[in-house]
There are 2 protein chains.
Amino acid sequence: MTSTQPTPPASITNVAALANVSIATVSRVLSGKRDKDDDIARRVRAAAAELNYCVNHAASTLRSDVTNTIGLVIPSATNRLSAQLLGELEPTLCAYGRRLALGIGHTAQEQATRIEALAAQGLDGLIVVPANASDLPASLERLTERIPIVQVGGQQSSYRSFMIAIDDTAAMETTMRHLADAGVHSVAYLAGDRISFDSAELFAMFHTQIRAFDMFTKSSWNQFGERTVQRGFHCAMQLFGITADLPKRGLAHMRPQALVCCDDSVAIGAMTAIESLGLTIPDDVRVVGDGDSLMALSTTPTLTSLRPPVHRIVTESLRLIDSGTIDPVRIVLPKQLVIRDSTAGDAVHDQA
Amino acid sequence: MTSTQPTPPASITNVAALANVSIATVSRVLSGKRDKDDDIARRVRAAAAELNYCVNHAASTLRSDVTNTIGLVIPSATNRLSAQLLGELEPTLCAYGRRLALGIGHTAQEQATRIEALAAQGLDGLIVVPANASDLPASLERLTERIPIVQVGGQQSSYRSFMIAIDDTAAMETTMRHLADAGVHSVAYLAGDRISFDSAELFAMFHTQIRAFDMFTKSSWNQFGERTVQRGFHCAMQLFGITADLPKRGLAHMRPQALVCCDDSVAIGAMTAIESLGLTIPDDVRVVGDGDSLMALSTTPTLTSLRPPVHRIVTESLRLIDSGTIDPVRIVLPKQLVIRDSTAGDAVHDQA
DNA sequence: TTGTAAGCGTTATCAG
DNA sequence: CTGATAACGCTTACAA
């Protein structure tokens, strides 16, 4: 059989004919509005399978106003959090037979345009990662009445839509506990941007945890700075360069036994420096990054890092969207510590 | 006026009523099937604007089989090329009022599933970046008859669909010309994976260009290896560590005046090493990366890098999709050299 | 529980 | 060139 013309997709009518029922029954069986699993249901499903039938999304949407489409608006496809979120959301939606409508807006203005365009076509819900870590454009307030909107991250200063915040400070506690459990007594922290509120808050949390776990640090060890490889390298050189030749035990007050970094880039720079000084990771120094970038997997040793809770963000976003609730809800999710080789094993006990 | 209920979107009927014409005329005017710009056309457009009318995508698709949707299937959202492509495609489609349907498949199998699912809903065209740098699953051959498919990158060994290949070797020529123009006489190359065919081809092209521009290199300078920061650091240490204290002129045969890297990560590691040895970039050594990652913008100095021709890939893909051609076409596009500070200015002329 | 039929908003056909 | 109308494939109210 060499059919020269491509077969047109089967419609509900074809399925109904093959199963010897009406199209209404087919619709009900396949959409689950009829739970009995009798002969009719089986016949319908068999016919649908044989014809490789898929419901026509356009027709379904047109009739029922249920679009089975979730919108995602992100500031940039190369933004790490956005890409991770996208990578998590797409398979989840696909698994439930829903579609993803993507919008990219580098500025609040562009995002507003994209959101209007997406919403005009009907969406069951909208997830937005605001540009510039700000908030959703106020012009979109009225949209909230039509479709559920979830804002992920951003300023979250005033809110009407659903809000999901990523808790960095909780992750700091997890990180420090992990290090303490491994027997680490002294830690240095290469923090992020000096002027951001989040960085300052994290910096304070670091010191809180140092006290909580009875650890040691020095003010000269900890500093704000850029999120670059070079910065990590230079800081680690300063931290470990002088003491690298000293014996490797009993030094908890001379140099840190662990280094916590505000970003994987910084951590990788630091690892490079530490290694070049002849020190071993994790035996001499443990290193923790942030962001769980792909690079964290290709370092030697692989880098322990903090991962944005994208799985839970997606789960909770969809739960909120499907909940039908109208009241604003705020959810705070902690980053997840992904433990790899750069913090593996117990520390040498250096108390003489 | 505090209207408590959200206004439902305007339909073509509302526009027709306001413009005092039939819905058929509205449809024709707005879809450009009627080119006259008379009073009727103006009235229709004014009415549409006033009611903030958008064509209902579902209804339009259902009736006309033109979906105004382009599918994009990528191996991963965090994959650099995929993200860059996505970032280029989305705004382009949006500008033409088209939608993007995204599918992520880490394996050829997953990609096939996603493509089937997307195609079942109707697509005007499909762009695929194959997983694992292989080819499109053969099971999709018959799809080619229904919708135009463009494969970007991958093996491209046998093809039926449209093919767009990224030409690395042409970029090597551009890179070497850029360095030669700046007065560089000796270059080292930190190549990629030893076993890949592409790496080997590039390695050969590097040597061809060395001869073409009458430059100098040494076999010990050039090596295959991982695409990591640490690898770049170590290689640069080897290349420049011994000669770093020597005077900075007249050394074209002792150490390379420029370093070409298979990846931005490698280049950043190398820059870190070069800098730590007291050498200056670009004055003492010029560095070129590959991939044009975001990191290339945050190094000091900023990193010259090769950018996949995502803009042209998108333009050509859409052109092929809209062309209506059925014959397989293969297009080869060169990477673009993005010149930044790591190769800026003229080299010191070191011929005594 | 099942079938019949209306209707979602658009585009295409056809008559005027 | 314009307008009336059918048809796209589906969901759902209503009738059987």
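Since the model is a prediction, treat every value here as computed from it, not as a measurement. (Residues numbered from 1 in each chain as written. Chains lettered and ligands numbered in written order. Predicted model: local features only at pLDDT ≥ 70, side-chain atom pairs only at ≥ 80, totals over all residues. Heavy atoms only, no water.)

1. Comments concerning the protein's contact with DNA strand D
Near DNA strand D there are 24 residues, and of these Ile12(A), Tyr53(A), Arg63(A), Thr25(B) and Arg34(B) occur at the shortest range. Within 4 Å of the protein, the contacting atoms of DNA strand D are drawn from sugar and phosphate to the extent of 56%. Tallied by class, residues from the surface near DNA strand D come to 11 nonpolar, seven polar and six charged. (Near = heavy atom within 4 Å. Nonpolar A, V, L, I, M, F, W, Y, C, P; charged D, E, K, R; others polar.)

2. Digging into the interface of chain A and chain B
Across the contact, 48 residues belong to chain A and 48 residues belong to chain B. Glu90(A) is the partner of Arg114(B) in a salt bridge, and the nearest nitrogen-oxygen pair spans 2.9 Å. Scanning the region where chain A abuts chain B turns up 10 residue pairs in polar contact (both at pLDDT 80 or more). Elements with a minimum of two residues in the side of chain A that touches chain B: helix 4 (57–64), helix 5 (80–95), strand 2 (99–104), helix 6 (108–120), helix 7 (143–146), helix 10 (229–241), helix 11 (264–276) and helix 12 (295–298) of chain A. Considering each element in turn, the side of chain A that touches chain B owes the most residues, seven residues, to helix 5 of chain A. For the side of chain A that touches chain B, a count of residues per class yields 24 nonpolar, 18 polar and six charged. (Contact = heavy atoms within 4.5 Å. Salt bridge = Lys/Arg side-chain N within 4 Å of Asp/Glu carboxyl O. Polar contact = N/O pair within 3.5 Å; in protein donor to acceptor, adjacent residues only side chain to side chain. Helix = DSSP H or I, 4+ residues; strand = E, 2+ residues; numbered from the N terminus.)

3. Quick word on the sheet that holds strand 11 (residues 336–338) of chain B
Residue and element names in this part refer to chain B. In space, the five strands of this open sheet follow the order 6-7-8-9-11, with mixed pairing throughout. In the strand order of this sheet, the two ends are held by strand 6 (187–190) and strand 11, each with one partner. Sheet twist, expressed as the average angle between the axes of neighbouring strands with direction ignored, equals 20 degrees. (Pairing = 2+ DSSP bridges. Axes fitted to C-alpha atoms, helices over the stretch in contact; angles between N-to-C directions.)

4. Some details on the side chain of Ser305(B)
Residues and elements named next belong to chain B. Checked against the element boundaries, Ser-305 lands in strand 9 (residues 304–307). Judged by its relative accessible area of 0%, Ser-305 falls in the buried class. In terms of polar contacts, Ser-305 uses its side chain to reach the backbone amide nitrogen of Asp-292, at 2.9 Å. The residues contacting Ser-305, other than those within four sequence positions of it, are Asp-264, Gly-289, Asp-290, Gly-291, Asp-292, Gln-336, Leu-337, Val-338 and Arg-340. (Buried < 20%, exposed > 50% of the residue type's maximum accessible area, 1.4 Å probe, protein only.)

5. Some thoughts on helix 13 (residues 310–323) of chain B
Taking 1.5 Å as the rise per residue, helix 13 of chain B with 14 residues should run 20 Å; its terminal C-alpha atoms sit 19 Å apart, in good agreement. Among the residues trailing helix 13 of chain B, Gly324(B) stands out with phi positive, at a value near 80 degrees. (Expected span 1.5 Å × (residues − 1).)

6. Focus: the pairing of strand 4 (residues 149–152) of chain A
All names here are of chain A. Burial of strand 4 is two-sided: the residues Ile-149 and Gln-151 facing one way and the residues Val-150 and Val-152 facing the other way are all buried. With three bridges connecting them, strand 3 (residues 125–128) and strand 4 associate as parallel partners. Bridge pairing in strand 4 links Ile-127 to Val-150. Inspection of the sheet shows strand 4 paired to strand 5 (residues 162–167) by three bridges, in the parallel sense. Bridge pairing in strand 5 links Val-152 to Ile-164.

7. Overview of the environment of Val152(A)
Along the chain, the position of Val152(A) falls in strand 4. As for Val152(A) and Ile281(A), which are separated by 129 residues in sequence, their C-alpha atoms are 35 Å apart.

8. Side note on the relation of the copies chain A and chain B
In this arrangement, two copies of a chain are superimposed by a rotation about an axis accompanied by a shift along the axis. The transform that puts chain A on chain B rotates by 180 degrees and translates by 0.1 Å along the axis, for an RMSD of 0.1 Å. Taken together, the rotation angle and the small translation identify this as a two-fold axis. Closest approach to the rotation axis among the C-alpha atoms of chain A is made by Ala58(A), whose C-alpha sits 2.2 Å away. Same-surface contact between copies: 100% of interface residues of chain A are shared with the interface of chain B. (Least-squares fit on C-alpha atoms with pLDDT ≥ 70 in both.)

9. Things to note about the packing of helix 8 (residues 168–181) of chain A against helix 9 (residues 197–212) of chain A
Residues and elements named next belong to chain A. Contact geometry for helix 8 and helix 9: axes closest at 9 Å, N-to-C directions at 30 degrees. It follows from the interaxial angle that helix 8 and helix 9 lie roughly parallel. For the pair helix 8 and helix 9, the sense of crossing is right-handed. Contact with helix 8, carried on its side by Asp-168, Thr-169, Met-172, Glu-173 and Met-176, involves Glu-201, Leu-202, Met-205, Phe-206, Gln-209 and Ile-210 of helix 9 and no other residues of that element. Considered class by class, the residues forming the contact of helix 8 with helix 9 number six nonpolar, two polar and three charged. (Parallel < 35°, antiparallel > 145°, perpendicular 65-115°, else oblique. Left-handed = near helix turned anticlockwise from the far one by under 90°.)

10. Some remarks on the environment of Thr280(A)
Among the structural elements, Thr280(A) can be located in the loop between helix 11 and strand 8 (286–290). Taking the C-alpha atoms as reference, Thr280(A) lies 9.6 Å from Ser342(A); in sequence the two are 62 residues apart.

11. With respect to the packing of helix 10 of chain A against helix 11 of chain A
How two helices pack is summed up by the angle between their axes together with the distance between the axes. All names here are of chain A. For the pair helix 10 and helix 11, the least separation of the axes is 6 Å and the interaxial angle reads 40 degrees. In terms of orientation, helix 10 and helix 11 fall into the oblique class. Viewed along their axes, helix 10 and helix 11 form a crossing whose handedness is right-handed. For the pair formed by helix 10 and helix 11, the contact residues are Val-229, Arg-231, Gly-232, Phe-233, Ala-236, Met-237 and Phe-240 on the first element and Ser-265, Val-266, Gly-269, Ala-270, Thr-272, Ala-273, Ile-274 and Ser-276 on the second. The residue makeup of the contact of helix 10 with helix 11, split by class, is nine nonpolar, five polar and one charged.

12. Concerning the environment of His57(A)
Within the secondary structure, His57(A) sits in helix 4. His57(A) gets classed as buried once you look at its relative accessible area, which sits at 16%. Taking the C-alpha atoms as reference points, His57(A) and Ala165(A), separated by 108 residues in sequence, lie 33 Å from one another. For His57(A), the contacting residues outside a window of four places in its chain are Thr67(A), Asn68(A), Thr69(A), Arg99(A) and Gln121(B). Polar contacts involving the side chain of His57(A) include one to the main-chain carbonyl oxygen of Thr67(A), which spans 2.6 Å.

13. Observations regarding the state of the cysteines
All names here are of chain A. Going through the model one piece at a time under the given rule, you end up with zero disulfides over all chains. Cys-235 takes part in no disulfide bond, and the closest cysteine sulfur to it belongs to Cys-261, at a distance of 8.6 Å. With relative accessibility at 6%, the residue Cys-235 sits in the buried group. (Disulfide = S-S within 2.5 Å.)

14. Overview of the protein's contact with DNA strand C
The environment of DNA strand C is formed by 25 residues, the closest being Thr25(A), Arg34(A), Ile40(A), Arg63(A) and Ile12(B). Among the atoms of DNA strand C lying within 4 Å of the protein, the sugar-phosphate backbone contributes 57%. In the model, a phosphate oxygen of DNA strand C is placed 2.6 Å from a nitrogen or oxygen of the Ser27(B) side chain. Interatomic distance of 2.7 Å between a side-chain N/O atom of Arg63(B) and a base oxygen of DNA strand C. Only helix 2 (23–31) and helix 4 of chain A together with helix 2 (23–31) and helix 4 (57–64) of chain B provide two or more residues apiece to the surface near DNA strand C. Across the surface near DNA strand C, the residue classes tally to 11 nonpolar, seven polar and seven charged.

15. Quick notes on the sheet that holds strand 8 of chain A
All names here are of chain A. Overall, mixed pairing links the five strands, which are arranged 6-7-8-9-11 in an open sheet. In this open sheet, the two edge strands, each paired with only one partner strand, are strand 6 (187–190) and strand 11 (336–338). In this sheet, neighbouring strand axes are inclined to one another by 20 degrees on average, regardless of whether the strands run parallel or antiparallel. Helix 11 rests against strand 6, strand 7 (258–261), strand 8 and strand 9 (304–307) of the sheet, and its axis sits at about 155 degrees to strand 8.

16. Focus: the packing of aromatic side chains
Taken as a whole and assessed by the stated rule, the structure comprises nine aromatic pairs over all chains. Taken together, the aromatic side chains of Tyr189(A), Phe203(A), Phe206(A) and Phe224(A) make up a single cluster linked through ring pairs. (Phe/Tyr/Trp six-rings, centres within 6.5 Å; stacked < 30°, edge-to-face > 60°.)

17. Focus on the domain arrangement of chain A
The domain architecture assigned to chain A consists of domain 1 (12–62), domain 2 (69–160) and domain 3 (168–307 + 338–343). One C-alpha centre belongs to domain 1 of chain A, the other to domain 3 of chain A, and the line joining them spans 58 Å. (Domains from an automatic or database assignment.)

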